[in-house]
Amino acid sequence: MAGVISERMRGHGGTDRAFQLGLVLAAVALVAVVGRLAVTMPEAAIVIAVAVLAAGLTAVQPGLIPVAVLPLLLVVMRVGSGGVDLSLSDFALAAASVPAVFLARRPFAPGIRAVLWASATYQFATLVTVVNNPYPANAVEWAHAWMMVSGSLLVGWAVGANGHGRIGVRLLVWTIAVVAVITVVEGAIHISQGDLTPVYPTFPYNMHKNFAGTLCGIGVVMVYARPDWAGLSRRVSRALVVLMLLAVLATQSRQAIIGIVAAIFVLVLRSNTDRKRSKLTLLVLAPLIVFVTNLVQDQVQSDNQFNSVFQRLTWFQDSVTVWITDPWFGVGLRWWYTDRFPFRFQPPNAEIEVLTSAGVVGLVAFLALMYVALRVAWRLDPTYGTLAVAVLVTRLVQGQFDLFWAAVQGSLPFVVLGLCLGVKWHADRRDEHAAPTGSDSLGTRAPAATA
């Protein structure tokens, strides 16, 4: 069909008149349909109009839609209910994944293929628990997890491989900076009122302190990694790091602070990196460790048996009770949305959540997925891979103390990994096209062919 259309479009005068007439009639029919729906079903008219606009923009520039939705990928506002409780981030990711899948730059880099295969393996391993435990939330979360990994990876790839890596990183960083500003301002208001409790940002929608804290923590390590191709100046980067750190401290999110420390520690001590990072930075991290230690000690020594420390210990014990119900294949994804158990909580640990949901089989596949993703980022040229390593490390560490399969926090690391892989692929293609004709791989002119 594509070949036929292409031939028709190469008619006399650039486009065959019959083909032009067909396009005009189709456009008129579409306008008539949308106009009719605008009166009877305005929501459907808007959806169709936006879909047509998106299709047109995607045809002109395949990476434009994924770039445009990047800020929405960080919006955790809930738009679902019950077992289909999803966020605006999930819907934006789904919308960006469609053009990313069908119009992605190919061939895929070996790294992205490896992570996609690892993601497919994890989905296959968890499919058993979906079949064994038939309920809506189980199937929804199975598709959701695949979208958060493979969909996010392809969206990031579409942004980077189409040459939008710089603007993509900037959109992510500045969106996180907006959340940081809101958090710091609300924190300053609380302090002025004598309130030293953790900040739960309320504008423009309610955010949990651990969401705002972990998101700003990821922002800190993104800015600290600061790849040259992102175009972030040193002065701006320092200001952003201070701003985002203040936001993390305002939320008092301990897992965010530990994630920041772990990521910076890895980047500072990593020998194969894109730039030299002073080991004196590790001394600056010491007060953060002291801050977390004091928070934990205060809760352990308090009389409140329902604070976050003791509550997590209780959840871990209850998780073991759930897991032994089906240790090999798990009791189902999002089992806490059902009434089969007396417990209604999402385990605050990545491995324990997977263990209860998908059993030992699912846990092995999950660990393999994380290993492959981190290995791909680590082996990537440090100019491009350092950013991905930093984000993956901080998220994996955060996930040891908090929810892992959650909107934004679960998808952002794979968006960044795909983006870095795409930027490297785009740079390689650009260098190949820039190489002078008649030169070998070393840049020397190749000898002329003999008759």
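Residues numbered from 1 in each chain as written. Predicted model: local features only at pLDDT ≥ 70, side-chain atom pairs only at ≥ 80, totals over all residues. Heavy atoms only, no water.

Sorry if this is basic, but what is going on with a nonpolar patch on the surface here?
On the surface, Val 98, Val 101, Phe 102 and Leu 103 cluster together to form a nonpolar patch covering roughly 380 Å² of accessible area. Overall, the relative accessible area of 40% leaves Leu 103 in the partly exposed class. (Patch = residues over 30% accessible without salt bridge, like charges linked within 9 Å, V, L, I, M, F, W, Y side chains within 5 Å. Areas by Shrake-Rupley, 256 points an atom, 1.4 Å probe, with all protein chains shown as cover. Salt bridge = Lys/Arg side-chain N within 4 Å of Asp/Glu carboxyl O. Buried < 20%, exposed > 50% of the residue type's maximum accessible area, 1.4 Å probe, protein only.)

Which parts of the structure should I look at to understand the side chain of Glu 353?
Residue placement: Glu 353 occurs in helix 14 (residues 350-379). This buried residue, Glu 353, is left without a salt bridge; Arg 334 holds the nearest opposite charge, at 7.3 Å. Excluding its chain neighbours within four sequence positions, the residues that come into contact with Glu 353 are Trp 336, Gln 346, Pro 347, Phe 404 and Trp 405. (Helix = DSSP H or I, 4+ residues; strand = E, 2+ residues; numbered from the N terminus. Lys, Arg positive; Asp, Glu negative; His and termini not counted. Contact = heavy atoms within 4.5 Å.)

I tried to follow the packing of helix 5 (residues 88-102) against helix 7 (residues 136-161) on my own but got confused; where do I start?
Pairs of packed helices are described in terms of their axes, by the angle between the two and the distance that separates them. In the contact formed by helix 5 and helix 7, the axes pass within 8 Å of each other and the chain directions differ by 55 degrees. On the basis of their axis angle, the class for helix 5 and helix 7 is oblique. Read as a crossing pair, helix 5 and helix 7 show a hand that is left-handed. Along its contact with helix 5, which presents Asp 90, Leu 93, Ala 94, Ala 96, Ser 97, Ala 100 and Val 101, the element helix 7 presents His 144, Met 147, Met 148, Gly 151, Ser 152, Leu 154, Val 155 and Ala 158. Here the contact of helix 5 with helix 7 is built from residues that sort into 10 nonpolar, 4 polar and 1 charged. (Axes fitted to C-alpha atoms, helices over the stretch in contact; angles between N-to-C directions. Parallel < 35°, antiparallel > 145°, perpendicular 65-115°, else oblique. Left-handed = near helix turned anticlockwise from the far one by under 90°. Nonpolar A, V, L, I, M, F, W, Y, C, P; charged D, E, K, R; others polar.)

I would appreciate a short explanation of the packing of helix 13 (residues 308-323) against helix 14 in the present structure.
The N-to-C vectors of helix 13 and helix 14 enclose an angle of 5 degrees; their axes lie 9 Å apart at closest approach. One finds that helix 13 runs roughly parallel with respect to helix 14. Counted together, Phe 316, Ser 319, Val 322 and Trp 323 of helix 13 and Ile 352, Leu 355, Thr 356, Gly 359 and Val 360 of helix 14 form the full contact between these two elements. Its residues assigned to classes, the contact of helix 13 with helix 14 shows 6 nonpolar, 3 polar and no charged.

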